[in-house]
Structure formats: structure tokens, C-alpha cells
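Observations on the model geometry
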Amino acid sequence: MSNTIKIKKGFDIKLKGKADLTVGKAIEASRYAVKPTDFSGLKPKLSVKADDIVKAGTPLFFDKAQPEVKFTSPVSGKVISVNRGERRRILEIEIESDGKFESVDFSKGEINSLDRETVKQNLLNSGLWPLMVQRPFGVIPEPDVTPRDIFITGFDSAPLAPDYEFTLKDEKESIQTGIDAISKLTEGKIYLGLRPGSEFASLKGVEINYFDGPHPAGNVGVQIHKTAPINKGDVVWTLNIQTLVYIGRLFTTGKLNLERLVAITGSEVKKTGYVKAIAGLAIKPFIENNTKKEVKERFISGNVLTGVKVEETGYTGLTQNQVTVIPEGDEIEPFGWISPGFNKFTAGKAFLSRLMPKKEYALNANYHGGERAFVISGQYEKVLPMDILPVYLLKAILVNDIDKMENLGIFEVIEEDMALCEYVCTSKIEVQSILRNGMDTMIKELA
Amino acid sequence: MKGQGIKNFFDKHRPKFEKGGKLHPFQSVFEGFETFLYVPDKTTKKGSHVRDYIDLKRTMIFVVLAVVPTMLFGMYNIGYQHFHAIGEFSQTGFWEVFFYGFLRVLPVIVVSYAVGLGIEFTFAQIKGHEINEGYLVSGILIPLIIPIDTPLWMVAIAVAFSVIIAKEAFGGTGMNIWNPALIARAFLFFAYPAHMSGDSVWIRIGQDADKVVDGFSGATPLGLALTGNIDYNIWDAFWGFIPGSIGETSTFAILLGGAFLIITGIGSWRIMLATTIGALFTGLILNAFAVNPFMEIPFWHHLFLGGFAFGAVFMATDPVSAAQTNRGKWIYGLLIGVLAIIIRVLNPAYPEGVMLAILLMNTFAPLIDHYVVQGNVRKRLKRAPATV
């Protein structure tokens, strides 16, 4: 049983630098890292120190609040250093690969013969557990909770996002095994959201819904809202289809294997495309000798809406399968507010670039204006395909009104769902961080 | 790098304006001027890496551009009415007519901006925030909605009242409840009624009082209609060759501005359309139950008379004081249209109801939105299982 849901609201940011559907030479590199900062609400506690020898799947740290949630090394080798930031916050644990890619042995076997506890323990021990996300509030799933349903998104609609139909076309078996495994975790349904015409339609044990329309159609939050919305008291878990591949491999081979294709994208990349790499790899091999260097560049692990800014010496994230390079844009623009704007891409209509709707643009990271109070109304609603009044929700958060936040739908959204609101905002309001503050307040309140 | 010269200039002088600098009291002026000359080089630190090119400055400037046709026409019409009143129109050239109005309107605009921006800069300095662009729009709207014979000191007081009491007291642009320009107009209307209505304020006669032609009346069509005297040509009203506030008379010029606002996505077409529908509907009802000549005028004439078009296009659509939800905008606009025509036709004291209708609905906009929001909340609660 499946149906197609047409998403009307939303917006595709037309960026230059879409990944060519070609696979480049696999990346040979030695430095990897795991970044606790990629996970909301995580308080990491180290289980290794510098110079320890690890395998893929050896725990590096765990969550202080729920110690059974472990974060493991993606490769075998040696821990080189633990980098800390302000107030000794752990930023990243760096590992030098030994090139052997050995994994800890985890239990494997016919999924149907395994019980819920075994599946859960295997996911927790291997470090794949925190790649799932619990809603409301976008946190690491609580091991003691049985989720109402599990939602999987089978495509990414974000700007320049990797095309999973291409990158995972040979991984269908692992994905199926992954679905079989996680179906042990819930008594509810497993939902899978796909683009119409998807190759993944043949997967079994899932309820498939098709989503047609602009970004954020691929966001699991939108898909949940359109199929079985989250009410107060509900808990659901979400995954992206790539994570299912890792889970499938774990149960088939007993090994942790985070190898996947990464999309190299963005206007400043010389040769876009896909390369094979293990999650957590340093960003350098992706971009070395492959950026134009015409202007100051910004490196992003992930997409331009929700990705993480990475220094040239930094690392890609475990959950992101994309690297984007855009111009930094740290220069002034004389009389920018009055120029006709043939080359200025906009979601609105106040620039002449709208006469060329097909053109792709090299957007930079400039704010293009100063921060102001909420003035313009009706803007956010156009890019949020949910029955939620975004400005009222944000105002409820700003005045810290718990009841209103609940009533206006804070259980249903996380940062990525409202990232486009932040992009279109005339007043340059930091929507994603306001929403995160609201969710953190709610977590404290409900604890 | 493009424009680096001016940035270097500002960077060089910046320390003088920062805390402890000699010119610190003028920091807000310095920054306001700087962002006027160029969009700053600030880049994103968190959240979305890319941001749309639209900002509040461009939005507000576009509204000002939309007002320009009515402003230019208003200047011409001041001259047109003047030379007609003294019976010399046929001997006077186009540019002479225009410059007569231009020279009379310009001081009003200058006073409006000087007083308003002066107060805005002072508040920005005291509160330590960036200059808000809001007054760029109010500053041009206020001169256009007052009679040409308003003394400049009255303009100054009205502007000061509106910026301080109606805007900054609430927290500045984005926080105000009422449209600041209309508050200025309402202040004048109630504080100096003799200068705001009647037959003698709409047309500048100046020193040519002895030349006024026989049978001249300076009253507006609406002023006359209220006394049962229907005397206007509706196409004059559409093109704008009637007495009235400086910028409100030409429905045609206002429509040009309205089209610009809708095409650029800056103004809310929902509010403009809803207001028009509300007015037409009320006009029809009044036609059906007409007991006096004013109630009998064809319902669509109301769109071209008085301040209706100006109010619907430039005043009701102020995003801050209007309803914020899409459904709310429909209700808000409809009620403005209905109330404007009811006040205009049925009330004996004021010949024009648009200003009061919009201010009243500004007051109720949060209530309308409240019910729209509650509707959304109820839907969500209904969906939730009863056990929770």
C-alpha cells in the first residue's frame, strides 16, 4: 500500500555545482575523527586516550546521560589526540588509520532468529545507534524507549544533496537487512519516504509513501507530518537510508563498515562527483587540488542549510554524506540594497534574477543585510510544508512559553525542517538556533 | 576588491565613533550611513550557510519607490488645483504647474524626514541597536496623507508624536501596534481639526487669494457628498484631478505603486484585494438601502474617492501593524473595507473613514491572529489521542 503526497510549499535553492553522476578514485587517506559536537544534547565521556590502539567499532566515548550509547572508531589504527575547545569541551577524537580496516567482531546472523534485545545491543555496541535520531527534539534515541514508529527517508532534497538512487543502487540487500533489523525495535510501523519512481520501491516490510515536490520534501520531519504526525507523548525514531546500509552490513558480516559514496559539490569545486570514503574522514583529501581558489572558500560537511562549517584541517561528520564548497563572501557590496540583482538568487520576487528561473547560482555565506526584528509576515509559511505557524512558534520560544510551544507544534519540527525559513528571512533571524534553544528548554521541562 | 575604498574610509574613522571615542554620541548615525553605502561583509557563523539577498533595507526602499508616482502626481495636482482656483491654469505651462506643487510639498517631506530620522537615530543611539529602516517609509507616507496647507510645525509635532509614542515606546520597528504614519495623521486630525478638514485646507491658494475665481469651492468630493451635494467627475477622481490630501488623489498612480508592490512580492495582495472586496460589498449594500444621495453613488466610485486606494495599497498593508497570518489578512482586509465605507457614508462627523478603519483594525489585528492561531492549536489538540 502506498500513496503519493504532493508537497507544494518549499523551495529549491538553485546552487551551482551539483555532483556529476561519476565515481572518482577512492580516497586513500589516513586521518579520521569522531566529533561529539555533531550530536545534540550529548555529554561525552572518553573511554580512550591518545596512543590507544583501536579497531573499527572500538568505543571512543559514551554518553554520560545514557552510558550504553557508545561512539566507536570508524577505522582501525591509533588514537592521535583528543582536541578540546573552550571549557575543555571535547571537539574531536582524531584517529590515524593503520590501513588495515579491521573491525571488532559483533554478533551476526539471520535477523529473524534474533530478538529485540540482541538487535539493540548490537547497534549500541557497534556505535551505529547514535546515527538514528529520536523525535521530538532531534536527540539520540533512548535505549529504554520503544518508539511508536520508525521513519526512514529514502532521499535527500537539500541543495546539491547526494542522490541515493545513484549511490546506493548496489546496496539494496544491505538496506533490506537493515529494515529487518530495525523492525525488531518497534511494535509500530516502519515508514519509508521515497521520490515517485524510486528503485527502492521493491523493499519489503515497510510502508512506502512517495513525496513529490521541492525541498524539504526529503526531510523525515515533513514526511512524518504528512503521514502520522507526532503528538504530545509520542516518540518516534528516524533514519536516513544510508544508515540502513551500515546496519545491514553489521548484521550480515558482523563488522562495522562505514564506507559510502560522498558527493563533492559546490560552485568552487573544480570537478564535482562522488568518491568512496569511510565516514569521519578528514576534509582535506576531498578538496585538495579540487577547488578553484579564486576567492576565499568555505568548506561545509553536509549541505548549505544544515551542514557544519569545517576548517581546511577539519573532519567530515559521521552523518553527512556530502561536502560543499562555496565562496565565503566576506566582502562588502556598495549600494547592494538597490541593485537590480540579475545575478542575485532569491526566494522572493524583488530581484531581476527571477526572470531567469532555470539559472544556477554561486551563493556565498554573506548575510546580505543586517539582523532586524520580525517585520515581514507570510515568508516562512511559504517554505514550511507543515500545518504549523512558524513565526508564532518562534515567538513562543523567545518568550519561553512552554504551553504555547507545545500547542504550536514544537514536537514536530527540528532544525533541518525550518532551515529554509532561516534562508528566506528578510530580518536575518537565526531560526535554527532559536528552535534549538526551544527544544532544549522543552527537554529540561519534560525531564 | 570592489568598493574597498569606501570601506577603508569607514574602517579608518570607526574608532572615533566607538565607545570612548570623541564622536561616540554619533555612532548610530555613522553606522546608519555606512550600511546605506554598502551591504556589510558579515558572514554566517551558525545555522544556514547561505541567506537570501533580500533584506529589510531593500524591502523598505521598494515601498518608497512604489510611492514615488503618487508623490509626483500629488505635486502636480497641488499646482493644478492652485492654478484652477485662480483661473490661470490654461495660461500656465506643465512645468510651472509641477514646480508650484513641488516647492510646496518638498518642505513637508524634508521636515518629516528630518524630525523622524532625528528621533530614530537618537533612539538607536540610546538603545544601542542598528538604525531601523522603518521610518524611510513612514517619512514619505506622512506628507502624502495630509492637506497641503498643514503648517510645517504641525507636521513636526505629529511626526514626533508618532515616532515616539506609537513606535519607539513599543520597542521600535517591528513592535508597533498601529501604523505610525496613520497615527501622525490621526494626531493632526484630532489635535488640529480646523486644519484637517473643511473647505479651505486642500488647495494652496497662497498670496493669490484676491485672484480666486467666482464660485470656487475648495471642498473635496467626499466633503461635498456628505452634505448631500454629489458633484464630481469619477474619471477626474480616478486620474486624480480632485482636491484632497497631497498624495491620495490619483487612484491611477496608486495602482501603479500597488502593482509594483505585488510584482516584487513586497506588499500583501491578500490585504489589498480583501480591502477592495469589503468596500465594494458595503457599497452595494448601501446602494440597495439608499435613502440619501451619498448612499446612492455607484458602489465602485468609493474605490476612486478620498483616501481609499492609498489606504488599501500603502497603509493597510504595513506588515507590522496588519494581521500576520494568511487567513487573518483576509479577515483584516475585508473588515477595513467594510468599516471604511460605513464610516465614510453613514457617519455625520468625518467625511473620510479609511484612516479610522485601518487604525481600528490595526488594534484588532492581534485578536484576529489570535483566533487563527487558536484554530491551528485546536486542530493539533484534536489530533492527539484523548489519553494524553
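Okay, so let's go over this structure. Note that the structure is a prediction, hence the values are computed from the model and not measured. (Residues numbered from 1 in each chain as written. Chains lettered and ligands numbered in written order. Predicted model: local features only at pLDDT ≥ 70, side-chain atom pairs only at ≥ 80, totals over all residues.)

1. Quick word on the sheet that holds strand S16 (residues 297–301) of chain A
Residues and elements named next belong to chain A. The five strands are arranged S15-S14-S18-S16-S17 in an open sheet whose pairing can be described as mixed. Lying at the two open borders of the sheet, with one neighbouring strand each, are strand S15 (273–278) and strand S17 (308–310). Each adjacent strand pair in this sheet contributes to an overall mean axis angle of 30°, direction not counted. As defined by bridge partners, strand S14 (residues 259–265) adjoins S15 across six bridges and the pair is classed as antiparallel. Following the sheet pairing, alanine 263 is matched in S15 by tyrosine 274. (Pairing = 2+ DSSP bridges. Helix = DSSP H or I, 4+ residues; strand = E, 2+ residues; numbered from the N terminus. Axes fitted to C-alpha atoms, helices over the stretch in contact; angles between N-to-C directions.)

2. Digging into the sheet that holds strand S3 (residues 44–46) of chain A
Residue and element names in this part refer to chain A. Here three strands make up an open sheet; going across it, the order is S3-S5-S6 and the pairing antiparallel. Both outer strands of the open sheet, S3 and strand S6 (70–72), are each paired with one neighbouring strand and no more. Put simply, the sheet's adjacent strands are angled 30° from each other on average, direction ignored. Sheet analysis places strand S5 (residues 59–63) next to S6, joined by three bridges and oriented antiparallel. Within S6, the position partnered with phenylalanine 62 by the bridge is lysine 70.

3. A look at the nonpolar core
Membership of the largest hydrophobic core comes to 230 residues, with the highest contact counts inside it found for Leu393 of chain A together with Tyr332 of chain B. For this core, the element with the most residues is helix H3 (residues 56–85) of chain B, which contributes 13 residues. If you count residues domain by domain, this core takes at least three from each of domain 1 (3–253) and domain 2 (379–446) of chain A. Look past the residues within four positions of leucine 393 of chain A in its chain and what remains in contact with it is Ile388, Met405, Leu408, Gly409 and Ile410 of chain A. (Core = buried A, V, L, I, M, F, W, Y, C linked by C-beta atoms within 7 Å. Buried ≥ 20, exposed ≤ 12 C-beta atoms within 10 Å, placed from the backbone. Domains from an automatic or database assignment. Contact = placed C-beta atoms within 7 Å.)

4. What to know about the interface of chain A and chain B
Accessible area lost upon the coming together of the parts is a frequently used measure of interface size. In this complex, chain A contributes 65 residues to the contact, which on the side of chain B involves 54 residues. Only S16, strand S19 (333–334), helix H7 (390–398), helix H9 (419–424) and helix H10 (431–446) of chain A provide two or more residues apiece to the side of chain A that touches chain B. If one sorts the elements of the side of chain A that touches chain B by residue count, H9 of chain A sits on top with four residues. Grouping the constituent residues of the side of chain A that touches chain B by class yields 30 nonpolar, 20 polar and 15 charged. As paired elements, S19 of chain A and strand S1 (residues 38–39) of chain B share two bridges and run antiparallel to each other. Residue pairing across strands places glutamate 333 of chain A opposite valine 39 of chain B, the latter belonging to S1 of chain B. (Nonpolar A, V, L, I, M, F, W, Y, C, P; charged D, E, K, R; others polar.)

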